[in-house]
Amino acid sequence: MGKIIAVANQKGGVGKTTTSVNLSACLATLGQKVLLIDIDPQGNATSGVGINKADIRYCIYDVLINDIDPMDAIIPTDVTNLFVLPASIQLAGAEIELVPTISREVRLKRAIESIRDKYDYVFIDCPPSLGILTVNSLTASDSVLVPIQCEFYALEGVSQLLNTIRLVQKHLNTSLQIEGILLTMLDARTNLGIQVIEEVKKYFREKVYQAIIPRNIRLSEAPSHGQSIIKYDARSRGAEVYMELAREVLEIGKTVR
Ligand code: ADP
Ligand code: MG
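The model shown is predicted, which means the values in this text are computed figures rather than measured ones. (Residues numbered from 1 in each chain as written. Chains lettered and ligands numbered in written order. Predicted model: local features only at pLDDT ≥ 70, side-chain atom pairs only at ≥ 80, totals over all residues.)

Engineer: What exactly am I supposed to notice about the pairing of strand β2 (residues 34-38) here?
Structural biologist: If a strand is regular, its side chains alternate between the two faces of the sheet. Summarising burial for β2: five of the five residues are buried, a large majority. Pairing of β2 with strand β4 (residues 82-85), which is carried by four bridges, proceeds in the parallel orientation. Of the residues in β4, the one forming a bridge with Ile 37 is Leu 85. Both β2 and strand β5 (residues 121-125) contribute to a ladder of five bridges, which runs parallel. Bridge pairing in β5 links Val 34 to Tyr 121. (Buried ≥ 20, exposed ≤ 12 C-beta atoms within 10 Å, placed from the backbone. Helix = DSSP H or I, 4+ residues; strand = E, 2+ residues; numbered from the N terminus. Pairing = 2+ DSSP bridges.)

Engineer: Looking at this structure, I do not really get the site of ligand 1. What am I missing?
Structural biologist: Close contacts around ligand 1 come from 18 residues, with Lys 16, Thr 17, Thr 18, Leu 219 and Ser 220 the closest. Contributions of two or more residues to the shell around ligand 1 are made by α1 (16-29) and α10 (217-221). If one sorts the elements of the shell around ligand 1 by residue count, α1 sits on top with three residues. Of the residues belonging to the shell around ligand 1, the class tally is six nonpolar, 10 polar and two charged. (Near = placed C-beta within 6 Å. Nonpolar A, V, L, I, M, F, W, Y, C, P; charged D, E, K, R; others polar.)

Engineer: Before we go on, may I ask you to explain unusual backbone geometry in this structure?
Structural biologist: It is generally the case that most residues other than glycine have a negative phi and that most peptide bonds are trans. If you check the backbone angles, Ser 103 has positive phi at about 45° while not being a glycine. Here Ser 103 is to be found in the loop between α5 (94-98) and α6 (107-113). Within the chain, Met 185 stands out as a residue other than glycine whose phi angle is a positive 55°. Relative to the assigned elements, Met 185 resides in the loop between β7 (177-184) and α9 (191-204). Classification of Met 185 by C-beta neighbours within 10 Å gives buried; the count is 21.

Engineer: For this particular structure, what's the right way to read the sheet that holds β7?
Structural biologist: Each strand in a sheet pairs with another by means of backbone hydrogen bonds, the pair being arranged parallel or else antiparallel. Spatially, β3-β4-β2-β5-β1-β6-β7 is the arrangement adopted by the seven strands of the open sheet, whose pairing is mixed. Single-partner strands in this sheet number two, and they are β3 (75-76) and β7.

Engineer: Would you mind going over the nonpolar core with me for this structure?
Structural biologist: Soluble globular proteins tend to pack their nonpolar side chains together in the buried interior. Membership of the largest hydrophobic core comes to 78 residues, with the highest contact counts inside it found for Leu 36, Ile 60 and Phe 123. In terms of residue count, helix α12 (residues 237-254) provides more of this core than any other element does, seven residues in total. Apart from the residues within four sequence positions on either side, Phe 123 is in contact with Ile 5, Val 7, Ser 20, Leu 23, Ser 24, Val 34, Leu 36 and Ile 37. (Core = buried A, V, L, I, M, F, W, Y, C linked by C-beta atoms within 7 Å. Contact = placed C-beta atoms within 7 Å.)

In structure tokens:
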């Protein structure tokens, strides 16, 4: 059965989308069949894998609000084995539209339950908030991967996220686990990065991935070309480390942590 992993952190700009897109693409390159679900109204993961708005017939909004079959919304990408369930700006209204609906927190879970068997991995790129879309994602997932940026206030806000995870575990998804903590945007030229790594490791211990994503210009350029790093520059340091991360995720999947 496919594993569903939410990529979440309510802080913006920590590398959720970059990680969702590139980890998905790397796992697909390693032969895994991967579905990337974009549940952020900004739709950066959708455009990041080269999907044009004009090519989108149905998006995640239609799945959540209009009960459209997710298989009718999923589209292939230019990476073999990588598929995307796209988002569009329509989704911005979903936070409000979902409020009065029945079983609003379990809509995504119910919608994708029947399709998880078709994939080895499903990644959900969450928006930068702890609202109803993120709660839907955590409820639908087996585990959550948390990117943390190597900067001074790295752990700020993390306790809020952990609190939300605990609430979801208590009320909506008792089997939700922490998949891993990913350190991102490390600037190797500063000592600050090293301090942050130590601090985060002290807090999360073995949950922190050995792969640490460096600041890499190619990673920041790739989205404007609508390409994952695998297509844009497979030889870049960014591609290498996301590939290391993909191997680590596969290894962890074989063992029980
Ligand atoms: P989030 O989805 O958490 O808001 P993004 O993945 O969109 O964060 O990243 C925020 C910005 O930082 C984007 O412009 C992205 O291209 C850039 N970025 C992300 N990771 C890296 C990295 N490792 N090196 C350089 N730029 C990065
Ligand atoms: Mg994002």
